[in-house]
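# Examination of the molecular architecture
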Amino acid sequence: MSFYETLANDAVAAIEDAADVETLDGLRPTLLGKKAGLTSAKSQLGTLEPDQRKEAGQRLNVARQLVEAAFASRRDALAASARAEALETERLDLTEFQSKTSPGHLHLVTQARDRLEDVFVGMGYTIAEGPEVETAWYNFEALNIPEWHPARGSFDTIFVNLGEPEAVMLRSHTSPVQIRTMENQKPPIYIIAPGRTFRTDTADATHLPAFNQIEGLVIDRNITMGDLAGTIDTFVRAFFGEEVKSRLRPSYFPFTEPSAEFDISRDDGSWLELGGCGMVNPQVLRNCGIDPDEWQGFAFGFGIDRLAVMRYQLDDIRELVNNDVRFLRQF
Ligand code: FA5
């Protein structure tokens, strides 16, 4: 083997040994650069006789091309495997939450709502619905809250910029569904109306700006406050179990008379307000074309999110909307 071929073979062996692109690039000056054996051999060609010089030059060129080719192909191979490795380690694993054994479940507010519906349907109620965007007539006026009434302020309403100022709004409670039902249905009426409601309330441990209420409305003959109290008591026991206590506190709503607020007991001995209720104000019946001398009724409106907080013993109502999968998965 000639001197040039030995130089070339050593160089190719070093190239094959390089484990990564950086190591290979580091070899380039010594194998193919100015100080490389094959480079200095070229400058020594001048010392040879002219007839030997030509042949030696050709052999030197072949040796150099061999090393160049080996270098290029090793470099391509190392770069390709480095890229494949990077793709493998940097790949996003989007299958993380797609376990076959855990396909997900209903949100706990939906679970609470379904359960509430079951409890009331079991008591003979049907489910009614109304729109989330309402007019002042349904959200306020028909419910005996005229424009000048201070109770309008207590609903912290979010208005929609449509028509006259404050004429259209996101419903601030589910009570407008009472009116829509009484306008369309003749008594006796036994309905519940769960749905989303909206207020300018700032989110805190017990408030959300978009929350859920469930409305109840009963219109029949000879209905009394005793029927209302009995219904609430039955519902609390069916929904929470025997250990949770409830109480009615005298209160005021323009659409019920008398009115009460309804609280349930917490573990620490405090009370959480769940909703309002009362006997349907005769003026509301008249607004819907129902004769108050013949028909009476009661109505209630509870916060479903607050019911979920109580039922699942949460510290903060905001947990329901943070949508942290680790939290939601527990229920
Ligand atoms: C009402 O909305 C009445 N419409 C209830 C009613 C219906 C009374 C029928 C009489 C007859 P109130 O503003 O108190 O009342 O709200 C009722 C319940 O909704 C509250 O007790 C609470 O449980 C829930 N609630 C109110 N605001 C929020 C909020 N920002 N976040 C979560 N829940 C809320």
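This section reports on the structure supplied with the text. (Residues numbered from 1 in each chain as written. Predicted model: local features only at pLDDT ≥ 70, side-chain atom pairs only at ≥ 80, totals over all residues. Heavy atoms only, no water.)

### Considering the site of the ligand
Taken together, 27 residues lie near the ligand, and His173, Asp201, Leu208, Glu273 and Leu274 sit nearest. Ser175 places a side-chain nitrogen or oxygen 2.9 Å from a nitrogen atom of the ligand. Arg199 is positioned such that a nitrogen or oxygen atom in its side chain is 2.9 Å from an oxygen atom of the ligand. Taking 680 Å² as the accessible area of the ligand by itself, protein coverage stands at 96%. Those elements that provide at least two residues to the shell around the ligand are β6 (210-220), β8 (256-265), β9 (271-280) and β10 (296-303). Here the shell around the ligand gets five residues from one element, more than from any other, and that element is β9. Residue composition of the shell around the ligand, by class: ten nonpolar, eleven polar and six charged. (Near = heavy atom within 4 Å. Polar contact = N/O pair within 3.5 Å; in protein donor to acceptor, adjacent residues only side chain to side chain. Areas by Shrake-Rupley, 256 points an atom, 1.4 Å probe, with all protein chains shown as cover. Helix = DSSP H or I, 4+ residues; strand = E, 2+ residues; numbered from the N terminus. Nonpolar A, V, L, I, M, F, W, Y, C, P; charged D, E, K, R; others polar.)

### Focus: helix α2 (residues 21-32)
Here α2 is twelve residues long and its end C-alpha atoms lie 16 Å apart, about the 16 Å a rise of 1.5 Å per residue gives. Every buried residue belonging to α2 is among Val21, Leu24, Leu31 and Leu32, and all of these are buried. The buried side chains of α2 occupy one side of the element, clustering within an arc of 75 degrees when seen end-on. Pointing more than 90 degrees away from the buried face of α2 are the exposed residues Glu22, Gly26 and Thr30. On its buried face, α2 sits against α1 (3-17), α3 (37-43) and α4 (50-90). Backbone nitrogen of Glu22 and a side-chain oxygen of the N-cap are separated by 3.3 Å at the start of α2; the cap is Asp20. (Expected span 1.5 Å × (residues − 1). Buried < 20%, exposed > 50% of the residue type's maximum accessible area, 1.4 Å probe, protein only. Arc of directions from axis to C-beta. Contact = heavy atoms within 4.5 Å.)

### Some details on the packing of aromatic side chains
This model, assessed by the stated rule, comprises 14 aromatic pairs. Judged by centre distance (5.4 Å) and plane angle (25 degrees), the ring pair of Phe120 and Phe235 falls under stacked. Residue Phe120 is found in helix α5 (residues 108-122), and its partner Phe235 is found in helix α9 (residues 225-240); the two are separated by 115 residues along the sequence. Here Phe120 matches Phe235 in class, with each residue buried. For the pair Phe140 and Phe155, a centre-to-centre distance of 6.3 Å together with 55 degrees between the ring planes defines the contact as tilted. Placement of the pair is Phe140 in the loop between α6 (136-139) and α7 (151-154) and Phe155 in the loop between α7 and β3 (159-160), with a sequence separation of 15 residues. One exposure class covers both Phe140 and Phe155, and it is buried. Three or more aromatic residues joined by ring pairs form one cluster here, namely Phe120, Tyr125, Tyr190, Phe235, Phe239, Phe240, Phe262, Phe300 and Phe302. A cation over a ring is seen here: Arg28 above Phe71, with NZ or CZ 4.9 Å from the ring centre. Note that Arg221 overlies the ring of Trp295, its terminal NZ or CZ placed 4.1 Å from the centroid. (Phe/Tyr/Trp six-rings, centres within 6.5 Å; stacked < 30°, edge-to-face > 60°. Lys NZ or Arg CZ within 6 Å of the ring centre and 35° of its normal.)

### Focus on the sheet that holds strand β4 (residues 168-170)
One open sheet accounts for three strands, arranged β2-β4-β3; its pairing is antiparallel. The open sheet is flanked by β2 (133-135) and β3, the only strands paired with a single partner. (Pairing = 2+ DSSP bridges.)

### Quick word on the sheet that holds β8
Spatial ordering of the open sheet is given by β1-β5-β6-β10-β9-β8-β7, a layout of seven strands whose pairing is mixed. The open sheet has two edge strands with one neighbour each: β1 (126-127) and β7 (246-253). Pairing of β6 with β10, which is carried by eight bridges, proceeds in the antiparallel orientation. Across the sheet, the residue bridging to Ile214 is Phe302, located in β10. On the sheet, helix α11 (residues 304-311) packs against β5 (189-198), β6, β8, β9 and β10 and is oriented at approximately 60 degrees with respect to β10. (Axes fitted to C-alpha atoms, helices over the stretch in contact; angles between N-to-C directions.)

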